[in-house]
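Residue strings, one per chain:
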Amino acid sequence: MILRVAVIPAEHCPSITATQALEAARQSAGWIERAQRADGSYLYEYDRDDDRESPEYNAVRHAGVTMGLYQLAAAGEASVLPTADQGLAWMRAHLLERDGWAALEDAYGVNVELGASALMLAGLAQRRLATEDPGFDGLMHETARFLLVMQRRDGSFLSAWRQSTGLPDPVEVSRYATGEAFWALTLMHRLFPGEGWDGHARLTADYLSLHRDEAEAIKYPPWADQWAAHGLAEMASWPLNEDNVRYARDLAARFGFLMRVESQRGTGWFSKLIHGRRARAAGMGTWVEGLDSLWRLADADPRMRDLRDAIGERAVCGAGMLADRQVGAAQAREFKQPGIVEGAWFTNGATRMDDQQHALSGLLRSVAIIEQRGGKRP
């Protein structure tokens, strides 16, 4: 019993209803809306204790935040469209266009990262699903063509295009960008079937399933890649091959392990000493996102069906923890700028815009799981 209490604490999964999960996602979007600048950029990072904003900016995270807002719009929350469209305007003002393709530059006009363009494309796809507006179909195709410029023959992707050489950097890769590009290509196939995007996505699915962990020296495989989980869920009806299914099952185990460990962490010094500090929302949100997508895959593919309830339980546990840790209005009033404290998640007194992005997406996509489970706690 002493060992159980001191070293292996019980899991803590706060109860959550579908209504509460959706409201927490809306509160996250409210933070993003209040923190948006006139040019369409967002507040990057804020320290509530020092009342200090970071001067840094990151185009990949900008694209991800905008995509999260479009996800919310696609789920029926059309009120966020003006904010998301303003974020899109910032991206359109930072486009590099050449040779029939378009890519998103960084805020300083220096670097072109694949992840920024992949998430911009995913956001445009979510906007298309939300509005059925074909006005950006051309830009979607131009951006997708840039992704193909960066794809290698084995399905992996290079992560940076150098303006100094006019070519992709031949060696720089990213553990995030390949999954981001993979998901974006699966969305292109959903919206524009018959154009061949599925062939490029399948190539990447096989790289992720068979080679990525070894090629990229992942220490504890598989890499907990929620973007890959999104792409696999999009491919559910294609269907997946056996290698893809094995990879999806391994991903489910990885996300489930991470969520179980997180549910055992407390805020006291002893828990931090033994189990580490609690994950920031930008991290835990990705685990919930990944589980949300794998639950949808398990619902659609009989080869994953035996994991469906366990995946759903872990996803709902994560959603409950996220909602429980979100700053409410009363607590926010204790700080100098309650408008950029309320609705956010903080780690060591600081929040970053991707904390809100990933928490929003994870909470939003968990709603269907909670509803299917009858609103029950895990």
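From a predicted model like this one, the values you see are computed outputs, not experimental measurements.

A.B. asks: Tell me about the overall build of the protein, residues and numbers included.
C.D. replies: Along its length, the protein carries 16 helices and eight strands. What you see for the protein is a C-alpha radius of gyration of 20 Å, in line with the 21 Å of a compact globule of 378 residues. Out of the 378 residues in the protein, the part that is buried amounts to 57%. On the protein, roughly 15,800 Å² of surface is accessible, and the fraction owed to carbon and sulfur atoms is 50%. Averaging the coordinates of the 42 positive side-chain charges in the protein and doing the same for the 51 negative ones gives two points 5 Å apart.

A.B. asks: Can you break down the environment of Asp-137 residue by residue, with the values?
C.D. replies: Counting through the fold element by element, Asp-137 comes out in helix α6 (residues 137-150). A residue is classified by how much of its surface remains accessible, and Asp-137, at 14% relative accessible area, is buried. Linking Asp-137 and Gly-349, residues 212 residues apart in sequence, is a C-alpha distance of 41 Å. Ignoring sequence-local partners within four residues, the contact set of Asp-137 consists of Arg-128 and Phe-192.

A.B. asks: Run through the packing of helix α2 (residues 18-34) against helix α3 (residues 59-74), naming residues and quoting values.
C.D. replies: Axis separation between α2 and α3 bottoms out at 11 Å; the angle between their running directions is 135 degrees. In this view, α2 runs oblique relative to α3, as classed from their interaxial angle. Regarding α2 and α3, the two cross each other, and that crossing is left-handed. On α3, the residues that touch Leu-22, Ala-25, Ala-29 and Ile-32 of α2 are Val-65, Leu-69 and Leu-72. The class makeup of the residues in the contact of α2 with α3 is seven nonpolar, no polar and no charged.

A.B. asks: Account for the confidence of the model for the protein, naming residues and giving values.
C.D. replies: Predicted confidence across the protein gives a mean pLDDT of 94, with 94% of residues reaching 70 or more. Taken as a whole, residues 1-6 scores under 50 in pLDDT and shows seven contacts with residues more than four places along the chain or in a different chain.

Thresholds, definitions, all that
- Each residue is numbered by its place in its chain's sequence as written, counting from 1.
- Only residues with pLDDT of 70 or above have their local features reported here, since the model is predicted, and side-chain atom pairs are shown and tallied only from 80 upward, although totals for entire chains, interfaces and linings are computed over all residues.
- Excluded from the side-chain calculations are hydrogens and water; all other atoms, namely the structure's heavy atoms, are used.
- The way it works is that DSSP assigns letters per residue, a run of H or I at least four long becomes a helix, a run of E at least two long becomes a strand, and they are numbered from the N terminus.
- Using C-alpha atoms as the atom set, the radius of gyration is obtained and then compared with a globule rule of 2.2 Å times the number of residues to the power 0.38.
- Only protein chains enter the accessibility calculation, which uses a 1.4 Å probe; a residue whose area is less than 20% of its type maximum is buried, one above 50% is exposed, and one in between is partly exposed.
- Here the Shrake-Rupley method, with its probe set to 1.4 Å, supplies the accessible areas, and only the displayed protein chains count as covering residues.
- Counting rule applied: Lys, Arg positive; Asp, Glu negative; His and chain ends not counted.
- A single reference atom marks each charge: NZ on Lys, CZ on Arg, CG on Asp, CD on Glu.
- We call two residues contacting when some pair of their heavy atoms lies within 4.5 Å.
- Axis definition: a line fitted to C-alpha atoms, over the contacting stretch in the case of helices. Angles run 0 to 180 degrees between N-to-C directions.
- An angle below 35 degrees is read as roughly parallel, one above 145 as roughly antiparallel, one from 65 to 115 as roughly perpendicular, and any other as oblique.
- A clockwise turn of the near helix away from the far one marks a right-handed crossing, whereas an anticlockwise turn of less than a right angle marks a left-handed crossing.
- Residue polarity is assigned by list, with Asp, Glu, Lys and Arg as charged and Ala, Val, Leu, Ile, Met, Phe, Trp, Tyr, Cys and Pro as nonpolar; anything else, Gly included, falls into the polar class.
- pLDDT is a residue-level measure of predictor confidence that goes from 0 to 100.

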